Amino acid sequence: MADEIENQTVIMSLIISGGNAKGSAFQAIHAAKDGHFQTADQKLKEADKYLSEAHNAQTDMLTKEANGEHATMSLLMVHAQDHVMTAITFRDLAGEIVDLYKQINQS
């Protein structure tokens, strides 16, 4: 029972961190679109912080797996991992879009 609660906590942590990262990246794009580049950069850093939290949770899971403590795979776990990977991709794309808006603004 305790393992299941811990597993659910990790899953929710991944979903929340991924969602927050994607939200911050989206805010960065909107800030850059409006010419608020300092805010855009802050929001990208915020997204990175959330992704770091997700990465730490994943690393903890991988360490436990390597030590023989196998995590229970569920559809919710798959969803959480997918959520994080999508957020990483979105953050990378947001960084490129912010850079494009900066270049357009300098022209």
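Below is a short write-up of the structure. (Residues numbered from 1 in each chain as written. Predicted model: local features only at pLDDT ≥ 70, side-chain atom pairs only at ≥ 80, totals over all residues. Heavy atoms only, no water.)

Observations regarding the overall build of the protein chain
Right, on to step 1. Regarding its fold elements, the protein chain presents three helices and zero strands.
Right, on to step 2. What you see for the protein chain is a C-alpha radius of gyration of 17 Å, clearly larger than the 13 Å of a compact globule of 107 residues, by over 25%.
Right, on to step 3. Considered along the principal axes of its C-alpha atoms, the protein chain spans approximately 60 × 20 × 20 Å.
Right, on to step 4. Burial analysis of the protein chain (107 residues in total) assigns 31% to the buried set.
Right, on to step 5. Expressed as a percentage of contacts within the protein chain between residues at least 6 apart in sequence, the contacts between residues at least 24 apart total 81%.
Right, on to step 6. Split by element, the accessible area of the protein chain, about 6900 Å² in all, is 58% carbon and sulfur.
Right, on to step 7. Between the mean site of the 8 positive side-chain charges and the mean site of the 15 negative ones, the protein chain shows a separation of 10 Å. (Helix = DSSP H or I, 4+ residues; strand = E, 2+ residues; numbered from the N terminus. Rg over C-alpha atoms; globule rule 2.2 N^0.38 Å. Buried < 20%, exposed > 50% of the residue type's maximum accessible area, 1.4 Å probe, protein only. Contact = heavy atoms within 4.5 Å. Areas by Shrake-Rupley, 256 points an atom, 1.4 Å probe, with all protein chains shown as cover. Lys, Arg positive; Asp, Glu negative; His and termini not counted. Charge placed at Lys NZ, Arg CZ, Asp CG, Glu CD.)

Observations regarding the pattern of salt bridges
Right, on to step 1. As enumerated under the stated definition, the model contains six salt bridges in all.
Right, on to step 2. The salt bridge involving Arg-91 is made with Asp-48; its shortest N-O contact spans 2.7 Å. On the criterion of sequence distance, the pair formed by Arg-91 in helix α3 (residues 75–106) and Asp-48 in helix α2 (residues 37–66) is long-range, its members being 43 residues apart.
Right, on to step 3. Classification of Arg-91 by relative accessible area gives buried; the value is 16%.
Right, on to step 4. Taking the shortest distance from any N to any O, the salt bridge between Lys-49 and Glu-53 comes out at 3.6 Å. Of this pair, Lys-49 and Glu-53 both sit in helix α2, four residues apart, which is roughly one turn of that helix.
Right, on to step 5. Looking at Lys-49, the relative accessible area reads 42%, which means it is partly exposed.
Right, on to step 6. Overlapping salt bridges bring together Glu-6, Asp-60 and Lys-64 as one network. (Salt bridge = Lys/Arg side-chain N within 4 Å of Asp/Glu carboxyl O.)

What about the packing of aromatic side chains?
Right, on to step 1. Counted according to the given criterion, the structure contains one aromatic pair.
Right, on to step 2. Measuring from centroid to centroid gives 5.6 Å for Phe-26 and Phe-90, while their planes differ by 5 degrees, and the two rings are stacked. You can see Phe-26 sitting in helix α1 (residues 2–33) and its partner Phe-90 sitting in helix α3, a full 64 residues away along the chain.
Right, on to step 3. With a relative accessible area of 43%, Phe-26 lands in the partly exposed category.
Right, on to step 4. Directly above the ring of Phe-90 sits Lys-22, whose terminal nitrogen or CZ lies 5.5 Å from the centroid.
Right, on to step 5. Stacked on the ring of Tyr-50, the Lys or Arg Lys-49 has its end atom at 4.2 Å from the ring centre. (Phe/Tyr/Trp six-rings, centres within 6.5 Å; stacked < 30°, edge-to-face > 60°. Lys NZ or Arg CZ within 6 Å of the ring centre and 35° of its normal.)

Things to note about the environment of Gln-38
Right, on to step 1. Here Gln-38 lies in helix α2.
Right, on to step 2. Owing to a relative accessible area of 63%, Gln-38 belongs among the exposed residues under this scheme.
Right, on to step 3. Placed 13 residues apart in sequence, Gln-38 and Ala-25 show a C-alpha to C-alpha distance of 13 Å.

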